[in-house]
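Coordinates in review
What follows is the residue order along each chain.
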Amino acid sequence: GPSDLSELMLHLNNFSGSLPRLQGLSKLSKLHLGENALTGSIPIISLPSLRYFNISFNGITGTIPASISNLPVCDTIDLSHQAKSEYDPSTGQRITRGISG
C-alpha cells in the first residue's frame, strides 16, 4: 500500500495547485515534484526516511517551514527557482514573489 512507497517521482508533469500534505509515508526516501506549476506554501513535512526532496522550478511562495531542517536523514533539498513574476496593472510593474527562510 501507500505506506510502503519509497520513491515518488512526479517531476515534469505540469501539475498545478498547492503542495499536498504528505502523511503516513514512513518509507518515502525520494520526493521529486520539480518542474511543475505548483503554488502556495510548503506544508509541514514529517517524512522520517526522506533523503531527497526536490520542488525546484515551481511557483512556491511563503516561508520555509522549520520541519525542512528537521528531516533526520535528508541530504538533498532543492527549493530553487521559485520566483514568480506577475504583472500589476495598477502600477505597470512586475512583482516578483518567492520563498524565504
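As a starting point, this report considers the structure included with it. Computed from a predicted structure; not experimentally measured.

Below, the discussion takes up the sheet that holds strand β8 (residues 76-78). What the four strands build is an open sheet, ordered β1-β3-β5-β8; its pairing is parallel. Only two strands of the sheet have a single partner each, and these edge strands are β1 (7-9) and β8. Strand-to-strand twist in this sheet, taken as the mean axis angle between neighbours without regard to direction, amounts to 10°. Inspection of the sheet shows β1 paired to strand β3 (residues 30-32) by three bridges, in the parallel sense. For Leu8, the partnering residue across the bridge sits in β3 and is Leu31.

Attention now goes to the environment of Lys27. Residue placement: Lys27 occurs in the loop between β2 (16-18) and β3. Lys27 gets classed as partly exposed once you look at its relative accessible area, which sits at 46%. A distance of 3.2 Å separates polar atoms of two side chains, one belonging to Lys27 and the other to Asp4.

Rules used throughout
Along each chain, numbering runs from 1 in the same order as the chain's sequence is written. The predicted nature of this model means local features are confined to residues of pLDDT at least 70 and side-chain atom pairs, given and counted, to a pLDDT of 80 or more, with totals for whole chains, interfaces and linings taken over all residues. Side-chain descriptors were evaluated using all non-hydrogen atoms of the structure, hydrogens and water having been removed beforehand. At least two DSSP bridges between two strands are needed for those strands to be called paired. Going along the chain from the N terminus, every DSSP run of H or I of four or more residues is numbered as a helix, and every run of E of two or more is numbered as a strand. Between N-to-C directions, angles span 0 to 180 degrees; the directions come from axes that are lines fitted to C-alpha atoms, helices contributing only their stretch in contact. Buried, partly exposed and exposed residues are distinguished by accessible area as a fraction of the type maximum, computed with a 1.4 Å probe on protein chains only: under 20%, between the cut-offs, and over 50%, respectively. Two N or O atoms count as a polar contact when they lie within 3.5 Å, although within protein this holds only if one can serve as hydrogen donor and the other as acceptor, and sequence-adjacent residues are included solely when both atoms are side-chain atoms.

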